[in-house]
Each structure stands twice: as structure tokens, then as C-alpha cells.
Amino acid sequence: MEPVRPAAASRRRLLLPLLLLGVSGFFQSHAVEVDIKDASNATCLYASWMMRFLITYESNTGDYKTTTLNLSSSVTHNGSVCGNDTQAALVAVQFGEGHSWSINFTKINETFQGDLITFTYNTNDTAVFPDAKRKGPVSVVVKDPAHPVQLNNVYVCHNDEFIEAENVTQIFWNITLQPFVQNGTVSKKEFRCRADTPTSAPTVLPTTANVTTASTTTLSPAPTTPPKPVENPDTGNYSLKSGNKTCLLATVGLQLNVSQDKPLLININPKTTIADGACGNTTATLKLNDGNSTLISFTFVVKNTSASVQKFYLKEVNVTLLNRLNGSVISSADNHNFSQWDAFLGSSYMCRKEQTLDISEDVQVHTFNLRIQPFLVEANKFATAQECSLDDDSILIPIVVGAALAVLIAIIVVAYIIGRRKSYAGYQTL
């Protein structure tokens, strides 16, 4: 097979702004163009797109890390085939140190539709997975969620599309695709993805109620209202399963405080957030993905406080903000040195008051109404909770009583001293 050619000049002008955005996000992915010819040297399959992968893997220390895999500048498409009425078309690309991606298309009732997407990444690539515990290729297979497209139409999607499966998020943008090309010419009829379809406000026809007339009266400027403060986030309920058994439970409201050009508060929406992760005997990771724009992961570990007592605690938090336009990383921060939210193994940790986790100088995570149990969950229910000191109002009682007693004792001592001095002074005057 011939190597993949660079995208045409007319498409470079469209890709350049996205590539620049990728650079600003610290990562850059290359465009791919696949033009498959049939026996008569006519184009039978055409595809051009950009993609990036976010992969969570286990390190040698038992921690879970998220890495970004981008397409390299050298990409091949060995194994790609045109397809026909009885055989599926296939786009297959290979890149980097043993990574590959493919999708097959079927022709049904004058339409074409993607079937299975297969992504294989190789953890032997030390540049991407420098400390991976598992070595070798790992494959992820997922059903293409796109709708059928009429034959002799080209599928176009400039905005980002996301596909999540297992521990991988696949991000695609700037897609131009047509399998089963007819007469060797890519169609000019476009089928646009939903993300590219503009939404316009409904037209309001003039009525006597909304027609205004010109006036020469000078109006004073409308008073400016101060911006509304960001409300506390809604509380979400999240869980993980190992097989058919729940292995992690979490209830929490999450808010990010990101300091870039100006401070930005971001509430995590539980209704659009997907929970993923992994449970183990001594390590557990909860990964939350809010609308494919905010990724947060919490890693918990077990420690031995004595020969017979074990406790768990929060050890690591990772935060990644993605650009919705092209999937580039806007901001990324992690802290591997936490020692918070500790509780005895077999119990849960609870803190209803607001807590702040300092991830970096520019990123903080605020938690509200927190309850977490990352190990030994039974019957899909939280075990007895160990409450944080912020929630323990009973501690205020002895503090107040102690302070009152101290004041009372001080008053008695001062009164005694004053009384003694007066008595001594009266004795000397006799």
C-alpha cells in the first residue's frame, strides 16, 4: 500500500487553526488523509481527519495515570480496503511505536454506516507510557455511534466527537469521509454531523405587543447588575463495579477553581458526568468525565497503621480540562502527595462541609457533601462513616465550656487577689 499523503493545501488552511490550538494545549496531533484506489486506479474510499486518545493505565507503583497519545507525522494505512456490496470497507492506520486504529463500513439499503472501531495501543512505547505495569499491545473495540449516511454523500464533521470505552477516550475532529466512492470522485453532497449543525433562535414575528416606535427621549443607561456568584455544585452519586459487585461508592459535589488569565469557577454537573475507574485490594481510582471537557480522577490507597489496623486515604488527584473544539488539553494538573480523607478500612469517610484540595498553584478542587468508600463495599451501601473534624460540632461544646471555666477561674483569682490586698491594707492602718 502507498503511504498516507499529507492533507491537501485547501484543507491545510482549515486544519492550521486547530493545530495551533493543539500547540497551545501542550500537545499536537497530525492530520491523516487516506485515499484508497481500486484496480483501475480510481478513488474508492476517501477519509481525512484528526484524532487524539486519552488513555488511563496502571504504573509500576500501582498508581493510575492518564496519558495523551497523538498521531505521529508518519502514518501508514496498510490493510485498508475499498469494499463492495458484499464486503465491508475498511480504514486502517498504523502510527508511532506499534499503535493502530481501524473502522469498517457496511453498505445497507443505499446507506453506509460505521460498524466496529478497533484501537490498539502499545504500552512498550516508553515515550507515552514511561512506567506502565502492563507491557505490550492493548486493544479496545467499540461500536461506531454515528448514524447511517446516504451513499454518494460525504460525511463531514469539523467539531469534536468523542467515543469512550473502558479506559480510553477517543477524540475526533475535522472529519471528511466517504467509503464506497462512486465513479472515482468524492461527492460534493455533504452530510453534516449534529455538532456542526447551527442552531438558530426562533424568528419572532412583529405584533402589536412587541413592535417599538422611535423616540427622541434620551434614556439613561440601564443600571449594570453585578455578576451572580457561582452557586455550590449539585451533589452527584457515583459508583464502580468489579464484575457484578459494587466496589466503590461516592457522593460528592465538585467545583474547580482554575486561575488562568482570570479566576474561573467550574461546577461539575452530575447529570453529564460519567464515572469510570478501577478497584483493587490496595488501590482504587475513580475517574469522572463531565461532558468530555473536564476529567478528574481520585486515587485511594490502603496503609497499615499497625499490625492489625488498616486505613485508606486519598493519595492522588488529577485534573484535565479539554478544549471542546478539538480536544486539546487546555490545562492539566496533578498532585501525587495527598494524605487526606483517611478512614478505617471497611468504613466510609464523610465531610459535609466544604473542603479544598490544592492540586497546583493554578488549580484547586472544592468538595461539598462528600462521602466516599473506595474499598470493601457491602450490599451496595455505605458503611459506618468517619466524619471529618469540620463536621464535628460536638467539639465546640467542650471548647466553649472550657473557655467559660477559664474566664470564671480568672475572675475568681482576680477577686481573691483584690480582696487580700484590701484586707492587708486595712490591717496595717490599725
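Just so you know, the residues in each chain are numbered from 1, in the order the chain's sequence is written. Where local features are concerned, this predicted model is filtered to residues with pLDDT of at least 70; where side-chain atom pairs are given and counted, the filter is 80 or more; whole-chain, interface and lining totals use all residues. Note that water and hydrogens are dropped before the side-chain values are worked out from all heavy atoms of the structure.

Q: Would you take a moment to explain the packing of aromatic side chains for this structure?
A: The relative placement of two aromatic rings is captured by the distance of their centres and the angle of their planes. In summary, the pairing rule links any two rings of Phe, Tyr or Trp, Trp by its six-membered ring, whose centres are within 6.5 Å, and it sorts them by plane angle into stacked for under 30 degrees, edge-to-face for over 60 and tilted for everything else. If you walk through the whole model with that rule in mind, you get 13 aromatic pairs. In textbook terms, an aromatic cluster arises when at least three aromatic residues are bridged by ring pairs, as seen for F53, Y57, F95, F119, Y121 and F129. Any Lys NZ or Arg CZ that is within 6 Å of a ring centre and within 35 degrees of that ring's normal is treated as a charge sitting over the ring. The side chain of K303 reaches across the aromatic face of Y313, ending 5.0 Å from its centre. The lysine or arginine in question, K311, covers the ring of F344, its NZ or CZ lying 4.8 Å from the ring centre.

Q: Sorry if this is basic, but what is going on with the nonpolar core here?
A: Proteins that are soluble and globular tend to have nonpolar side chains buried together. In this structure, W49, M51, W101, F119 and Y121 are the most contacted members of the largest nonpolar core, which totals 44 residues. Numbering of helices and strands runs from the N terminus, with a helix taken as a DSSP run of H or I at least four residues long and a strand as a DSSP run of E at least two residues long. Per-element tally for this core: the top contributor is strand β2 (residues 43-58), with 8 residues. Put simply, buried Ala, Val, Leu, Ile, Met, Phe, Trp, Tyr and Cys residues joined by side-chain atoms within 4.5 Å make one nonpolar core. Relative accessibility decides the category of a residue: with a 1.4 Å probe and only protein chains considered, values under 20% of the type maximum give buried, values over 50% give exposed, and everything between is partly exposed.

Q: Please clarify how the pairing of strand β8 (residues 137-143) should be interpreted in this entry.
A: Regular strands show a simple pattern: their side chains alternate between the two faces of the sheet. Residues V138, V140 and V142 point to one face of β8 and are all buried, whereas P137, S139, V141 and K143, pointing to the other face, are not buried. Of the strand pairs in this sheet, strand β7 (residues 111-122) and β8 are connected by 7 bridges, and their pairing is antiparallel. When the bridges of β8 are listed, F119 appears paired with V140. Here the rule is simple: two strands pair whenever DSSP picks up at least two bridges between them.

Q: Would you take a moment to explain the state of the cysteines for this structure?
A: Linking two cysteines covalently via their sulfur atoms produces the bond known as a disulfide. By definition, disulfides here are pairs of cysteine sulfur atoms that lie within 2.5 Å. If you walk through the whole model with that rule in mind, you get 4 disulfides. Each disulfide pairs two cysteine sulfurs, and for C157 the partner residue is C193, the sulfurs being separated by 2.0 Å. Because the torsion about its S-S bond is 70°, the bridge between C157 and C193 counts as right-handed. Of this pair, C157 sits in strand β10 (residues 154-157) while C193 sits in the loop between β13 (190-192) and β14 (236-242), and the two are 36 residues apart along the sequence.

Q: Explain the environment of V319 here, please?
A: Mapping V319 onto the fold places it in strand β20 (residues 310-322). You can call V319 buried: its relative accessible area is 3%. Taking the C-alpha atoms as reference points, V319 and L256, separated by 63 residues in sequence, lie 9.0 Å from one another. Contacts between residues were defined by any pair of non-hydrogen atoms, one from each residue, lying within 4.5 Å. Excluding residues within four positions of it along the chain, V319 makes contact with L256, L295, I296, S331, S332, A333, I359, V363 and V365.

Q: What exactly am I supposed to notice about the side chain of E316 here?
A: Assignment of secondary structure puts E316 in strand β20. Look at E316: it is buried, it has no salt bridge, and the nearest opposite charge is K315 at 6.3 Å. Counted as a polar contact is a pair of N or O atoms within 3.5 Å, where, for protein atoms, one must be capable of donating a hydrogen and the other of accepting one, and residues adjacent in sequence contribute only when both atoms are in side chains. At a separation of 3.1 Å, a polar atom in the side chain of E316 contacts the side chain of H336. When charges are counted, Lys and Arg are positive and Asp and Glu negative, with His and the chain ends excluded. The term salt bridge refers to a side-chain nitrogen of Lys or Arg lying within 4 Å of a carboxyl oxygen of Asp or Glu.

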